[in-house]
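What follows is each chain in one-letter form.
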Amino acid sequence: MDMKKLMKQMQQAQVAASKIQEELAAKTVEGSASGLVTVTMNGHGKVLGLKIKPEAVDADDVEALEDLLLVALQDATAKAEDLQQDATRGLGIPGF
């Protein structure tokens, strides 16, 4: 096995992974629960914003709002994970 060739391939993979990380940080996804709660995340899964419509807030039913928040977070997380998988699909590196 040619070590120079292997090192060059590793450097190229590192550059590609770095570029992917930058692209994921710049992309955003939105998760929603019935349109009442919306969560915005970047491609890394970092929460960037949260919007709650007034009609989602009921002092007598806090549990419903908690459920809406959970659903919106899960939706956004799934979309961020899809972005990550799409971005790393072509690398062919285990764990990516």
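As a reminder, the structure under discussion sits directly above these lines.
Quick summary incoming for the structure in this document.

### Some words on unusual backbone geometry
Excluding glycine, residues mostly have negative phi values, and the peptide bonds linking residues are mostly trans.
Then, in step 1: One non-glycine residue, Ser 34, adopts positive backbone phi at about 55°.
Then, in step 2: Following the sequence through the fold, Ser 34 ends up in the loop between strand 1 (28–33) and strand 2 (37–42).
Then, in step 3: Exposure remark for Ser 34: the relative accessible area of 69% places this residue in the exposed category.

### Overview of the sheet that holds strand 2
Then, in step 1: Across the sheet, 3 strands lie side by side as 1-2-3; this open sheet has antiparallel pairing. This sheet does not close on itself; its edge strands, each paired only once, are strand 1 and strand 3 (47–52). Averaged over all adjacent pairs, the angle separating strand axes in this sheet is 15°, with direction ignored.
Then, in step 2: Examined bridge by bridge, strand 1 and strand 2 share 6 bridges and lie antiparallel to one another.

### Quick notes on helix 1 (residues 3–26)
Then, in step 1: A rise of 1.5 Å per residue sets the reference length of helix 1, with its 24 residues, at 34 Å; its end C-alpha atoms lie 35 Å apart and thus fit the reference within 8%.
Then, in step 2: Those residues of helix 1 lying buried are Ala 13, Ala 17, Ile 20 and Leu 24.
Then, in step 3: Regarding helix 1, its N-cap is Asp 2, as a side-chain oxygen of that residue lies 3.2 Å from the backbone nitrogen of Lys 4 further along.

The rules we used
The residue numbers shown here count from 1 along each chain, following its written sequence. Residue-level local features of this predicted model are given only where pLDDT is at least 70; pairs of side-chain atoms are given and counted only at 80 or more, and the full residue set underlies all totals for whole chains, interfaces and linings. Values reported for side chains reflect all heavy atoms of the structure, with hydrogen atoms and water molecules removed beforehand. In this description a helix means any DSSP run of H or I spanning at least four residues, a strand means any run of E spanning at least two, and both kinds are numbered starting from the N terminus. The classification of residues rests on relative accessible area computed with a 1.4 Å probe and restricted to protein chains. Under 20% of the type maximum is buried, over 50% is exposed, and intermediate values are partly exposed. The pairing criterion is simple: DSSP has to find at least two bridges between the two strands. To obtain each axis, a line is fitted to C-alpha atoms, and for helices this fit is confined to the stretch in contact; angles are then taken between N-to-C directions over 0 to 180 degrees. Multiplying one less than the number of residues by 1.5 Å gives the expected span of a helix. Polar contact is the term for a pair of N or O atoms within 3.5 Å; when the atoms are in protein, one must be able to donate a hydrogen and the other to accept it, and sequence-neighboring residues count only if both atoms are side-chain atoms.

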